[in-house]
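# An overview of the molecular structure
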Amino acid sequence: NKLIKSTFPFSSIFWAILAFCWVYIRKFQSRQESEVVSTITAICALAIALITSALLPVDIFLVSFMKYPNGTYKEWAANNDTRGQIEDTVLYGYYTLYSIILFCVFLWIPFVYFYYEERDDDNGNRCSQVKNALKYTFGFAVVCVVLLLIGAFVPLEPPPGQNSTQWEKVQYLFEELGSSHGLPALSFSISSLTLIGMLAVITYTAYGMSVLPLNLIKGTRSVVYERLENTEDIDDVEHQIEKLKSKCKDGRPLSSRDRHNLQELEGKLQVLQRRGRHLEIAERNCCTKVGRALRPLKILLGVFFILVALLLIVALFISNLDKALHSAGISSGFIIFGTNLTNPLNELLLALQPVFPLDYILITVITMYFVVTSMAGIRNMGIWFFWMRLYKIRPKKTRPQALLFLCMILLLIVLHTSYMIYSLAPQYVMYGSQKYLVQSKMPSAGATSGNATFGTTRTCDADAPEDQCTVTRSYLFLHKFWFFSTIYYFGNWAFIGAFLIGLVVSCCRGKKSVIEGEVEADDSDFSDDEYVH
C-alpha cells in the first residue's frame with residue numbers, strides 16, 4: 001500500500017512540472033513570433049528534463065523502503081528476484097527518459113530549430129524547408145550514433161587474450177553489450193551530454209545563484225527617478241542634435257564625422273524615447289505597485305536564496321574535499337563510498353528520507369532552484385557561443401529559436417543536476433537510508449558464557465556485504481565510466497570558483513532598472529507593440 005501511495009506524490013509532481021513549464025515558456029515567448037510547434041517542443045523538452053530529475057528520489061526511496069530500520073529486509077523484499085524486478089523497473093524508467101532526452105537533443109529540437117531558421121531565410125515552399133532542416137539534423141543524428149557505438153563497444157571488463165581469434169573478440173564485444181542490456185551505450189551518451197551541461201552550469205547556474213538573490217535584496221531603481229533622469233537625457237540629446245543641425249543652416253553640408261555623430265545621436269534619442277514610453281507604462285502598471293508593496297517579502301526571499309546558495313556551496317566544497325582526501329585519485333574518478341566528513345545537506349536528506357514526501361520535496365526544490373537560478377543567469381547573460389552572443393532572453397520578446405536554445409541548455413543543465421545532487425549528498429544518492437546487520441560475538445562474562453552473538457546496525461557503505469545493500473540505478477548511470485567522474489570532480493571546483501566570482505560581480509553592481517531588458521538599441525519600434533498594446 002505504501003508503494004502505491006508513493007506514486008501519488010510523483011503524479012502530482014508530474015502535473016506541477018507540466019504547469020510550470022507551460023507558464024515559464026509562455027512568459028518569455030514573443031507574441032509577434034509565437035509558433036505552436038516550437039512552443040510545444042520547448043514545453044515538452046523542459047518537462048522531460050525535470051521529470052527525469054524527479055525520478056531520482058523515487059529510486060532512492062525504493063532501495064531504502066526494502067529494509068527495516070534495524071537493517072533486515074522486509075518480508076516482500078527478502079527474495080533477490082523481487083528486489084531485482086523493482087530495480088529493473090526503475091532502470092527501464094531511466095532507459096525511457098534518457099532515450100527521450102537523446103531524441104530531443106539530437107533529433108527533435110535540432111529539426112524544429114533549423115526548420116524555423118530556414119523559414120526566416122527563405123519564405124519558399126515547406127518541402128524545401130523540411131528538406132534543409134532534415135539535412136542539418138542528420139549531422140546531429142550521426143553524432144548520436146557515434147556516441148552510442150563508442151559507449152556500447154568500449155569494454156569495461158578485461159578483453160580476451162592475444163591468442164583469441166577475431167571472431168572470439170567480436171563475440172566478446174557483443175556479449176559485453178548484451179550482458180549490460182545496453183547500459184554503457186546509453187550511459188556514455190548521457191554522460192557526454194552531461195559534460196556540456198556541466199559547462200552550462202558553470203557559466204549560467206553559478207552566476208544565477210549569486211545574481212538572483214542579490215537582485216531581490218537590492219531591488220530596482222525608483223521608476224519616478226528613472227523617468228526624470230530619462231527626460232533630462234532626452235533634452236540633452238535633442239540639444240546636441242540641434243547644435244549639429246545648426247551647422248548646415250547656411251546650406252553647407254555636414255562633415256562625415258558630424259553626419260556619423262548625428263546618426264548616433266538620433267539612434268540614441270529613439271532608444272530614450274522608447275525607454276520613456278516603457279517607464280510611463282511601468283509607472284501605471286499594477287504589478288509595479290504590488291512589487292513595491294511586497295518589497296519586504298522580496299528581501300526575505302533573497303536572503304533565503306543566498307542562504308540556500310551558501311549551503312549548497314559549503315556542501316559541495318566539503319564533498320569535494322572529502323574526495324580529495326579519501327578517494328583513490330584520478331584513476332578511480334575520485335569516487336568514494338559513503339562520507340568521511342560531515343556534510344550538512346547529506347545529513348538533512350538522510351534525516352528526512354524515511355518520510356517519503358519530505359525528501360522528495362527537498363530534492364524537487366533543489367532541482368527547481370537550479371533551474372530558476374540558471375534562467376536568471378541566462379537572462380542576464382544571454383545565449384553565447386564562445387565570444388558571440390546569439391540570442392537574448394527577455395519576457396514576451398524571445399524568438400522561437402531562442403526558446404529552443406533555452407530549453408536545450410536547461411535540459412543539459414538538469415542532466416548535470418543529477419551529478420550535482422550526488423556531489424552534494426553522496427551517501428543519500430547511493431544507498432538512501434539503508435542499514436545492514438553485523439553479527440559480533442558477545443564479550444565473555446565467565447567460563448560458561450558460551451558463543452552468544454549480538455547484531456549491530458551500520459549504515460550501508462562500500463564495506464557492506466554485496467547482498468545486504470542495494471545501490472541506486474542512478475548511481476550506476478553516473479559512474480559507469482571513471483573518466484567522466486574525474487571531469488565532473490574538477491568541474492565542481494570550477495563551479496565553486498565561478499560562483500564566488502559572480503558573487504563579487506553582483507555585489508559591485510548597482511540596482512537594476514525597473515524595465516531591465518525591455519529596451520535595447522537593436523530593437524525595432526515594431527517590437528514595442530508587444531508591451532504598449
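Residues numbered from 1 in each chain as written. Predicted model: local features only at pLDDT ≥ 70, side-chain atom pairs only at ≥ 80, totals over all residues. Heavy atoms only, no water.

- Looking at an unreviewed UniProt entry, one finds the chain named Lysosomal cobalamin transport escort protein LMBD1, with Gasterosteus aculeatus aculeatus as its source organism.
- UniProt, in the comment section headed Sequence similarities (unreviewed entry), describes the chain in these words: "Belongs to the LIMR family. LMBRD1 subfamily."
- For the chain, the Subcellular location (unreviewed entry) comment in UniProt is given as "Lysosome membrane". (UniProt positions renumbered as here; feature names shortened; annotations may be inferred.)

## Observations concerning the overall build of the chain
- In terms of helices and strands, the chain carries 17 helices and four strands.
- Burial analysis of the chain (533 residues in total) assigns 47% to the buried set.
- Pairs at least 24 residues apart make up 79% of the contacts formed inside the chain by residues separated by at least 6 positions.
- Summing over all exposed atoms, the chain offers an accessible surface of approximately 27300 Å²; the carbon and sulfur share of this is 63%. (Helix = DSSP H or I, 4+ residues; strand = E, 2+ residues; numbered from the N terminus. Buried < 20%, exposed > 50% of the residue type's maximum accessible area, 1.4 Å probe, protein only. Contact = heavy atoms within 4.5 Å. Areas by Shrake-Rupley, 256 points an atom, 1.4 Å probe, with all protein chains shown as cover.)

## What about the pattern of salt bridges?
- According to the stated counting rule, one finds three salt bridges in the structure shown.
- When the shortest N-O distance is used, the salt bridge between Glu87 and Arg473 registers 3.0 Å. Taken as a pair, Glu87 in helix α3 (residues 80-121) and Arg473 in helix α15 (residues 473-478) lie far apart in primary sequence, 386 residues in all.
- The exposure class assigned to Glu87 is buried, which follows from its relative accessible area of 3%.
- The buried category is assigned to Arg473, whose relative accessible area is 17%.
- Linking Glu229 and Arg221 is a salt bridge whose minimum nitrogen-to-oxygen distance equals 2.8 Å. (Salt bridge = Lys/Arg side-chain N within 4 Å of Asp/Glu carboxyl O.)

## Topic: a negative patch on the surface
- A cluster of acidic side chains, namely Glu232, Asp233, Asp235, Asp236, Glu238 and Glu242, defines a negative patch on the protein surface.
- Tracing the backbone shows Asp236 in helix α7 (residues 223-245).
- Taking the relative accessible area as the measure of exposure, Asp236 reaches 41% and is therefore partly exposed. (Patch = residues over 30% accessible without salt bridge, like charges linked within 9 Å, V, L, I, M, F, W, Y side chains within 5 Å. Lys, Arg positive; Asp, Glu negative; His and termini not counted. Charge placed at Lys NZ, Arg CZ, Asp CG, Glu CD.)

## A closer look at the packing of aromatic side chains
- Evaluated as defined, the whole model comprises 22 aromatic pairs.
- Ring geometry for Phe484 and Tyr488: centres 6.4 Å apart, planes at 25 degrees, overall stacked. Of this pair, Phe484 and Tyr488 both sit in helix α16 (residues 482-508), four residues apart, which is roughly one turn of the helix. Across this residue pair, the class does not change: Phe484 and Tyr488 are buried.
- One aromatic cluster is present, formed by Tyr113, Phe114, Tyr136, Phe140, Tyr391 and Phe405 through successive ring pairs.
- Stacked on the ring of Tyr73, the Lys or Arg Lys67 has its end atom at 4.7 Å from the ring centre.
- Looking at Lys74, its charged tip hangs above the ring of Phe65, at a distance of 3.6 Å from the centre. (Phe/Tyr/Trp six-rings, centres within 6.5 Å; stacked < 30°, edge-to-face > 60°. Lys NZ or Arg CZ within 6 Å of the ring centre and 35° of its normal.)

## Points about the packing of helix α10 (residues 295-326) against helix α13 (residues 400-424)
- The N-to-C vectors of α10 and α13 enclose an angle of 75 degrees; their axes lie 8 Å apart at closest approach. Compared by their axis directions, α10 and α13 come out roughly perpendicular. In contact with Leu312, Ala315, Leu316, Ser319 and Lys323 of α10, α13 contributes Tyr419, Met420, Tyr422, Ser423 and Leu424.
- Within the contact of α10 with α13, the residues separate by chemical class into seven nonpolar, two polar and one charged. (Axes fitted to C-alpha atoms, helices over the stretch in contact; angles between N-to-C directions. Parallel < 35°, antiparallel > 145°, perpendicular 65-115°, else oblique. Nonpolar A, V, L, I, M, F, W, Y, C, P; charged D, E, K, R; others polar.)

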